[in-house]
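What follows is each chain in one-letter form.
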Amino acid sequence: MARVRTGVLISGRGSNLQALLDAAANPDFPAEIVCVISNRPGAGGLARAEAAGIAALTVDHKAFGTREAFENALHAELQNQGVELVCLAGFMRLLTPGFVNRWTGRMLNIHPSLLPSFKGVDTHQRALDAGVKLTGASVHFVSAEMDAGPIIGQAAIPVLPGDDADALAARVLGAEHQLYPECLRQVASGEARLEGGHVILAHAAAPQALLVNPPPRS
Ligand code: GAR
C-alpha cells in the first residue's frame, strides 16, 4: 500500500517531530515523512530532519509582508513536495482560515492539554492554577478556530503534588510522543475517520481503561 506523503511543520526543538520520524522509519507505518518545514531559521527540529535524511526547509514568516503571502509560500512548498497530509508539531504561527480550509481533514495538530480545556499558550500553568488532577495532550484536525477542530486522540496523565509548569510539561511531552504517532497512524491508515464533524476510531482504548487520581485504595 502506498504510504501517505506527510509534511511536518515546526517552529522549535522538534521532539514531537522526532517521535513521528521514529515511527515512520518503520516501512510498515502508513505515513511517510517527506519534508519538514520550519517558519524559524535554525529551529532545532531541522537538524533532526536532516539526520533522518529528510528534506528540511525554512519558510521564514519574517520574510513576508503579510500572513497570506507567508502561507502561500508554505502551501507552494507543501505542494512541491507532493504532501497529502500535514502535521503541525510545535508550529507556533496562527494559520488563517484561507490556509486551513485548503487542508481540511488533512491537517493535524498536537496541543498539550485535554481539549477543550486550556486552549492557547501557558497551558500547564493554567492547568495548575485551575487545580485539575488529570491533564494531558490532544491531537486534533485543524479547523479555522484555534485548538478547536475534531479531536482524534487524547492522552491523560496525573497532576502530582509539587508539580510546577516545567515538571508537568515534561510529563505531558512524554505522553505526546506516544500519542502523536498513533494518531497519525490511525489517520493515514483510514482507521480514524471524520464523520459529521467527529472522529470515529477503529481502535480505541479498552472499555475498562481508567486513570483515577487519587487512585482508589482497596
Ligand atoms: C509541544 O508540547 C506541543 O504540544 C506544543 O509545543 C510543544 C512543541 O515541542 N504545541 C502547542 O502548544 C501548540 N498550541 P516540540 O517542538 O519538542 O515537539
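Just above, that's the structure.
Predicted, not measured: the structure shown is a model, and the values here were computed from it.

Analysis parameters
- Residues numbered from 1 in each chain as written.
- Predicted model: local features only at pLDDT ≥ 70, side-chain atom pairs only at ≥ 80, totals over all residues.
- Heavy atoms only, no water.
- Helix = DSSP H or I, 4+ residues; strand = E, 2+ residues; numbered from the N terminus.
- Contact = heavy atoms within 4.5 Å.
- Pairing = 2+ DSSP bridges.
- Axes fitted to C-alpha atoms, helices over the stretch in contact; angles between N-to-C directions.
- Core = buried A, V, L, I, M, F, W, Y, C linked by side-chain atoms within 4.5 Å.
- Buried < 20%, exposed > 50% of the residue type's maximum accessible area, 1.4 Å probe, protein only.
- Near = heavy atom within 4 Å.
- Polar contact = N/O pair within 3.5 Å; in protein donor to acceptor, adjacent residues only side chain to side chain.
- Nonpolar A, V, L, I, M, F, W, Y, C, P; charged D, E, K, R; others polar.

## Here's the deal with the side chain of Thr-135
- Considering the arrangement of structural elements, one finds Thr-135 in strand β6 (residues 134-141).
- Residues within four places of Thr-135 in sequence aside, it is in contact with Ser-113, Leu-114, Ala-127, Ala-155, Ala-156, Ile-157, Val-159, Leu-168 and Val-172.

## Notes on the sheet that holds strand β7 (residues 151-158)
- Here seven strands make up an open sheet; going across it, the order is β3-β2-β1-β4-β5-β6-β7 and the pairing mixed. Each edge of the sheet is formed by a strand with only one pairing partner; in this case those strands are β3 (55-58) and β7. Each adjacent strand pair in this sheet contributes to an overall mean axis angle of 20°, direction not counted.
- Here seven bridges tie β6 to β7, and the two strands are oriented antiparallel to one another. Bridged to Ala-137 within β7 is Ala-155.

## So, the nonpolar core
- Counting 39 residues, the largest nonpolar core has Val-8, Ile-33, Leu-108, Ile-152 and Leu-184 as the members making the most contacts within it.
- It is helix α6 (residues 165-189) that provides the largest number of residues to this core, a total of nine residues.
- Sequence-distant contacts of Leu-108, defined by excluding residues within four places in its chain, comprise Leu-85, Val-86, Cys-87, Leu-88, Val-139, His-140, Phe-141, Val-142, Ile-152, Tyr-180, Leu-184 and Val-187.
- In this structure, Leu-9, Val-86, Phe-91 and Met-107 belong to the second largest nonpolar core, which totals 18 residues.

## What to know about the site of the ligand
- Around the ligand, the neighbouring residues are Arg-13, Gly-14, Ser-15, Asn-16, Gly-90, Met-92, Ile-110, His-111, Pro-112, Leu-173 and Glu-176.
- Take His-111: an N or O atom from its side chain is 3.2 Å from a nitrogen atom of the ligand.
- Taking Glu-176, its side chain carries an N or O atom lying 2.7 Å from an oxygen atom of the ligand.
- At the level of secondary structure, the elements contributing two or more residues to the shell around the ligand comprise α1 (15-24), β5 (107-111) and α6.
- In terms of residue class, the shell around the ligand is made up of four nonpolar, five polar and two charged.

## Quick word on the side chain of His-140
- If you trace the backbone, His-140 turns up in strand β6.
- On the basis of relative accessible area, His-140 is assigned to the buried category, the value being 1%.
- What His-140 contacts, discounting residues up to four positions off in sequence, is Met-107, Leu-108, Asn-109, Leu-115, Asp-147, Ala-148, Gly-149, Pro-150, Ile-151 and Ile-152.

## Things to note about the environment of Thr-123
- With respect to the helices, strands and loops of the structure, Thr-123 is situated in helix α5 (residues 123-130).
- Take Thr-123: its relative accessible area is 7%, and that puts it in the buried class.
- Each C-alpha atom, one on Thr-123 and one on Leu-168, is 9.9 Å from the other, the two residues being 45 residues apart in sequence.
- If we ignore the near neighbours within four places in the chain, the residues touching Thr-123 are His-111, Pro-112, Ser-113 and Phe-118.

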